[in-house]
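Read off the chains here:
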Amino acid sequence: MKTETTIQGLSASLQSARAARKTIGFVPTMGNLHQGHLNLVREAKKLCDVVVVSIFVNPIQFGEGEDFESYPRTLEQDSHLLADVGCDIIFAPTVDQMYGKQPRLTNISVGGITQDLCGQSRPGHFDGVAVVVTKLFNIVQPHFAFFGQKDYQQLAVIRQLVKDLNMPIEIIGVPIARDTDGLALSSRNGYLTQEQRQTAPVIFQSLKQAEKDLHAGVALSEVLQNIKAQLSDAGLVVDYVEARQPDLQPINVFDHDLVLFIAAKLGNTRLIDNLQIQLKT
Ligand code: PAF
């Protein structure tokens, strides 16, 4: 496995793969890897000849007061984990390498689906993601790119971006990886105190309870209220609890498949999760 820190170095490393028309798979990450990320790499290995993983904590997707400075940077540990799952190339550029010294004058904004859910409480976040992912796609030029379904809205934004801008890349969504108690794996789980970590599975528990209630015919509005109450009772501060169609459009027919979304703060840590629920028989 190679580690490249420059765009030129990465291009050189990929030259022979491109010349041999090998399939390139790409897993963009911000590092501090867990099994969720490693699952993305495992999926990429199944479909692609060469797998590139980027590790880059992207400053422009963090808002003021968010955790850009404190976001864990663990390149050495990440490298060992990636070597074990067969990653071929790590691309770990500096901020300078990605953005240079001159001001960036181009913005990329995916409309509609970025306006609510996480987009509402993190203004500008998805623009920052769209810019960095576009840059990374242009640098790596993969055939396939892999994203986790925990960041469901992000995955939808990337799919829309790729479609709207005719990027010749197939986007693959990979199911959420969970701890044994149901907590969705996230680099931010590492911020939780021991006590908060014990509380955090209530997020998944409330989603599973909601699934049962919906199947039992409880009204959606009541189900959403119950989730909020369960989270608040456990000491979380709810940002949103929402139901959407799988394409993120509002729900207008109740026997359709839907996705429940939660964002909530536990202390200073913002956690998100979602559950896809099949109501169609
Ligand atoms: O999901 C992430 O880790 C980031 O948002 C991504 C896609 C790597 C862009 O910085």
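Computed from a predicted model, the values in this text were never measured in an experiment.

Rules and cut-offs
Residues numbered from 1 in each chain as written. Predicted model: local features only at pLDDT ≥ 70, side-chain atom pairs only at ≥ 80, totals over all residues. Heavy atoms only, no water. Salt bridge = Lys/Arg side-chain N within 4 Å of Asp/Glu carboxyl O. Helix = DSSP H or I, 4+ residues; strand = E, 2+ residues; numbered from the N terminus. Buried < 20%, exposed > 50% of the residue type's maximum accessible area, 1.4 Å probe, protein only. Near = heavy atom within 4 Å. Polar contact = N/O pair within 3.5 Å; in protein donor to acceptor, adjacent residues only side chain to side chain. Areas by Shrake-Rupley, 256 points an atom, 1.4 Å probe, with all protein chains shown as cover. Nonpolar A, V, L, I, M, F, W, Y, C, P; charged D, E, K, R; others polar. Axes fitted to C-alpha atoms, helices over the stretch in contact; angles between N-to-C directions. Parallel < 35°, antiparallel > 145°, perpendicular 65-115°, else oblique. Left-handed = near helix turned anticlockwise from the far one by under 90°. Contact = heavy atoms within 4.5 Å. Core = buried A, V, L, I, M, F, W, Y, C linked by side-chain atoms within 4.5 Å. Pairing = 2+ DSSP bridges.

A. Structural detail: the pattern of salt bridges. If you walk through the whole model with that rule in mind, you get 12 salt bridges. Across the salt bridge formed by R122 and E66, the nearest N and O atoms sit 2.7 Å from each other. Of the two residues, R122 is situated in the loop between α5 (118-121) and α6 (125-140) and E66 in the loop between β3 (50-55) and α3 (75-84); the sequence distance between them amounts to 56 residues. You can call R122 buried: its relative accessible area is 11%.

B. Structural context of the site of the ligand. Close to the ligand lie P28, T29, M30, N58, Q61, V132, F147 and Q154. At 2.6 Å from an oxygen atom of the ligand is found a side-chain nitrogen or oxygen belonging to Q61. Here Q154 contributes a side-chain N or O atom positioned 2.7 Å from an oxygen atom of the ligand. Compared with its free state, where it exposes 290 Å², the ligand has 89% of that area covered by protein. Its residues assigned to classes, the shell around the ligand comprises 4 nonpolar, 4 polar and no charged.

C. The packing of α6 against helix α7 (residues 152-164), seen in detail. Their axes nearest at 10 Å, the elements α6 and α7 cross at an angle of 55°. One finds that α6 runs oblique with respect to α7. As α6 runs across α7, the sense of the crossing is right-handed. Contacts from F126, V129, A130, V133, T134 and F137 of α6 reach α7 at Q153, Q154, V157, I158, L161 and V162.

D. View of the nonpolar core. Ranked by size, the top nonpolar core spans 45 residues in total, and within it V52, F137 and I171 carry the most contacts. Apart from residues no more than four positions distant in its own chain, V52 is found in contact with L10, L14, I24, G25, F26, V27, I89, F91 and V140. Core analysis: the next-biggest nonpolar cluster, separate from the first, contains 27 residues, L192, L224, A243 and A264 among them.

E. Structural detail: the side chain of N32. By secondary structure assignment, the location of N32 is in the loop between β2 (24-29) and α2 (35-47). You can call N32 buried: its relative accessible area is 15%. At 3.3 Å, the side chain of N32 and the side chain of T74 are in polar contact. Once residues within four sequence positions are removed from consideration, N32 is found in contact with H37, P72, T74, D78 and S187.

F. Just the sheet that holds strand β5 (residues 144-148), in detail. Reading across from one edge, β1-β4-β3-β2-β5-β6 is the order of the 6 strands in this open sheet, with parallel pairing throughout. In the strand order of this sheet, the two ends are held by β1 (2-4) and β6 (170-174), each with one partner. Across the sheet, the axes of successive neighbouring strands diverge by a mean angle of 25°, strand direction being ignored. On top of the sheet, α2 reaches β2, β3, β5 and β6; it is set at about 155° to β5, its chief contact. In the packing of α6 onto the sheet, the strands contacted are β2, β3, β4 (89-91), β5 and β6, and the crossing angle to β2 comes to about 150°.

G. Representation of the sheet that holds strand β7 (residues 237-244) in the model. In space, the 3 strands of this open sheet follow the order β7-β8-β9, with antiparallel pairing throughout. Edge positions in the sheet fall to β7 and β9 (269-277), since each of these pairs with one other strand and no more. When strand polarity is set aside, the average angle formed by the axes of neighbouring strands in this sheet is 10°. When strand β8 (residues 258-266) meets β9, the two strands line up antiparallel, connected through 9 bridges. When the sheet's bridge partners are listed, A263 is paired in β9 with I272. Along the sheet, helix α10 (residues 220-233) contacts β7 and β8; its crossing angle with β7, the most-contacted strand, is approximately 155°.

H. How the structure looks around unusual backbone geometry. Positive phi is not limited to glycine here, since R21 has a value of about 55°. Here R21 shows up in the loop between α1 (7-19) and β2. For L248, which is not glycine, the phi dihedral falls at a positive 75°. Along the polypeptide, L248 turns up in the loop between β7 and β8. Since its relative accessible area comes to 6%, L248 is described here as buried.

All we've got here are geometric facts, nothing functional implied.
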